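Listed below are the residues making up each chain.
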Amino acid sequence: MLTIQRNDPCWCGSEKKYKKCHMEKESILLDYQREGFQIPKRKLIKSQQQIEGIRKSGLLAKSIFNMLEGKIVEGVTTNEINHWVHEYTIKHGAIPAPLGYNGYPKSVCTSLNNVICHGIPDETKLKDGDIINIDITTILDGYYADTSRMYTIGSVSEKAKQLVECAKECLEVGIESVKPYKPFNVIGEAIEAHATKKGFSVVRDFGGHGIGIQFHEEPFIHHYNIGNKGMIMLPGMTFTIEPMINEGSYKCKILDDNWTTITVDGGLSAQWEHTILVTETGFELLTD
Ligand code: MF3
Ligand code: CO
Ligand code: CO
């Protein structure tokens, strides 16, 4: 960080001199570092061109949910959802990121009821009273965007409705806490406080993640309060917030397919996800 000289061109590609660009901001960072916070590596700060690419990918991911509108109803199989997502993504010149990712066999994750995440589409038909998370990740011109949302099928129980709503609010309070130069831990603090207030629990074994150039980049983003200083958020960072909220225990179990993750106690689980950019003043949603 310190090897660059005042009059050198800035490392960020702005074509300005370092002293007119990132120099002052980076000296603020050194103060944070002295206080014990972790400073993100420069490769985690996206260039304008990269941000534009991720933004486009995010718009496409969002448009897939528009395409699905009205289709996620009783009787539909999760394989059909996979087919729709796959075909639409390809038709728009993109690649569904899940397909073949670490051996994952499908183009989307469909997590039903007690499935926390990474549910694999199959011949299961959606039925009245189900809740389902559909998790979409697109690669457009090499740029990744990741977003998921819940659907309720027919008439669902009051408890299920509350859980789905709480998970959505957890994403919202997490997003609202995103501010440059704040520690990432503020996100988990806000989410855990909200979930706990509503009587639900926060999954710990999975979290948000840096995204953009790869599917899962640094840092790992906890959705609960880890109570240490951790990494600082900086303008130009892109990452997901994707709280998984459980009706009962937060504990998870992974099935023999090595993907499908369910609640240990059989309780319901709900999740919503957005890809977020840290700006100079706050945040920008890249998948909304
Ligand atoms: N979309 C998931 C996430 O939010 C990751 C799915 S990995 C897959 O991070 F291989 F299952 F697709
Ligand atoms: Co994600
Ligand atoms: Co996702």
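Rules behind the numbers
- Residues numbered from 1 in each chain as written.
- Chains lettered and ligands numbered in written order.
- Predicted model: local features only at pLDDT ≥ 70, side-chain atom pairs only at ≥ 80, totals over all residues.
- Heavy atoms only, no water.
- Buried < 20%, exposed > 50% of the residue type's maximum accessible area, 1.4 Å probe, protein only.
- Helix = DSSP H or I, 4+ residues; strand = E, 2+ residues; numbered from the N terminus.
- Pairing = 2+ DSSP bridges.
- Near = heavy atom within 4 Å.
- Polar contact = N/O pair within 3.5 Å; in protein donor to acceptor, adjacent residues only side chain to side chain.
- Areas by Shrake-Rupley, 256 points an atom, 1.4 Å probe, with all protein chains shown as cover.
- Nonpolar A, V, L, I, M, F, W, Y, C, P; charged D, E, K, R; others polar.
- Donors = N, O, S within 2.8 Å, 3.2 Å for Na, K, Ca; no water.
- Tetrahedral: all angles 85-135°; square planar, octahedral: opposite > 155°, others 65-115°.
- 1 Å grid on protein atoms, 1.4 Å probe; cavity = no way out; pocket = protein on both sides within 12 Å on 5 of 7 lines; lining within 4 Å.
- Points joined across faces, edges and corners; volume = space filled by probe spheres on them.
- Salt bridge = Lys/Arg side-chain N within 4 Å of Asp/Glu carboxyl O.

**Quick word on the pairing of strand S4 (residues 131–140)**
Alright, step 1. Taken across its ten residues, S4 has ten buried, putting it largely inside the fold.
Alright, step 2. Of the two faces of S4, the one holding Ile 131, Asn 133, Asp 135, Thr 137 and Ile 139 and the one holding Ile 132, Ile 134, Ile 136, Thr 138 and Leu 140 are both buried throughout.
Alright, step 3. In this structure, strand S2 (residues 109–112) lies alongside S4, joined through four bridges in antiparallel fashion. In the strand pairing of S4, Leu 112 is matched with Ile 132.
Alright, step 4. As consecutive antiparallel partners, S4 and strand S5 (residues 143–152) are separated by two residues, and within that stretch Asp 141 has a phi angle of approximately 50 degrees, a positive value.

**Some thoughts on the site of ligand 1**
Alright, step 1. In the vicinity of ligand 1 lie 14 residues, with Asp 135, Asp 146, His 216, Glu 242 and Glu 273 positioned nearest.
Alright, step 2. For ligand 1, an oxygen atom lies 2.8 Å from a polar atom in the side chain of His 216.
Alright, step 3. When ligand 1 sits alone it has 340 Å² of accessible area, and the protein chains cover 96% of it.
Alright, step 4. A per-class count over the shell around ligand 1 returns six nonpolar, four polar and four charged.

**Remarks on the coordination of the cobalt ion (ligand 3)**
Alright, step 1. Bound to the cobalt ion (ligand 3) are the protein donor atoms Asp 135 (OD), Asp 135 (OD), Asp 146 (OD) and Glu 273 (OE), situated 2.1 to 2.4 Å from the metal.
Alright, step 2. Coordination at the cobalt ion (ligand 3) is irregular: its six donor atoms span angles of 58 to 167 degrees at the metal.
Alright, step 3. In primary sequence terms, the donor set of the cobalt ion (ligand 3) follows D-x10-D-x126-E.
Alright, step 4. In this structure, the cobalt ion (ligand 3) is positioned 3.3 Å from the cobalt ion (ligand 2), and both are ligated by Asp 146. Taken as a pair, Asp 135 in strand S4 and Asp 146 in strand S5 lie far apart in primary sequence, eleven residues in all. Neither residue differs from the other here; Asp 135 and Asp 146 are each classed as buried.

**Considerations on the layout of surface pockets**
Alright, step 1. Of the voids in this model, the largest pocket is the one considered here, and its volume is about 600 Å³.
Alright, step 2. Along its surface, the largest pocket is lined by 28 residues, and Trp 11, His 22, Ile 45, Lys 46 and Pro 235 are the ones closest to its centre.
Alright, step 3. Breaking the lining of the largest pocket down by element, the ones donating at least two residues are helix H1 (23–34), helix H2 (48–68) and strand S14 (274–278).
Alright, step 4. Per-element tally for the lining of the largest pocket: the top contributor is H2, with four residues.
Alright, step 5. Among the residues forming the lining of the largest pocket, the class breakdown is 13 nonpolar, eight polar and seven charged.

**Concerning the coordination of the cobalt ion (ligand 2)**
Alright, step 1. For the cobalt ion (ligand 2), the full set of protein donor atoms is Asp 146 (OD), His 209 (NE2), Glu 242 (OE) and Glu 273 (OE), at a range of 2.0 to 2.2 Å.
Alright, step 2. Classification of the site at the cobalt ion (ligand 2) rests on its six donor atoms, whose angles at the metal span 52 to 165 degrees, yielding the label irregular.
Alright, step 3. Judged by relative accessible area, Asp 146 falls into the buried class, the value being 3%.

**Some thoughts on the sheet that holds strand S13 (residues 269–271)**
Alright, step 1. Spatially, three strands are ordered S6-S10-S13 in an open sheet, and the strand pairing comes out antiparallel. At either margin of the open sheet sits one strand with a lone partner, and together these are strand S6 (201–202) and S13.
Alright, step 2. Pairing of strand S10 (residues 244–246) with S13 involves three bridges; the strand directions are antiparallel. Bridge pairing links Asn 246 to Ser 269 in S13.

**Some points on the environment of Lys 43**
Alright, step 1. By secondary structure assignment, the location of Lys 43 is in the loop between H1 and H2.
Alright, step 2. Note: C-alpha distance between Lys 43 and Met 237 (194 residues apart in sequence) is 9.3 Å.

**Comments concerning the environment of Lys 41**
Alright, step 1. Looking at where Lys 41 falls in the secondary structure, it is placed in the loop between H1 and H2.
Alright, step 2. Placed 177 residues apart in sequence, Lys 41 and Glu 218 show a C-alpha to C-alpha distance of 9.4 Å.
Alright, step 3. A distance of 2.7 Å separates the side chain of Lys 41 from the side chain of Glu 218, its partner in a polar contact.

**Looking at the pattern of salt bridges**
Oppositely charged side chains can form a pair if their charged atoms are brought close together.
Alright, step 1. Scanning all chains against the criterion turns up nine salt bridges.
Alright, step 2. Residues Lys 41 and Glu 218 are paired through a salt bridge, measuring 2.7 Å at the closest nitrogen-oxygen approach. With Lys 41 in the loop between H1 and H2 and Glu 218 in strand S8 (residues 217–221), this pair connects stretches of sequence that are 177 residues apart.
Alright, step 3. Judged by relative accessible area, which is 45%, Lys 41 ranks as partly exposed.
Alright, step 4. Between Lys 127 and Asp 130 there is a salt bridge, with the nearest N and O atoms lying 2.8 Å from each other.
Alright, step 5. Residue class for Lys 127 comes out partly exposed when judged on its relative accessible area of 46%.
Alright, step 6. The network of salt bridges with common partners includes Glu 52, Arg 55 and Glu 284.

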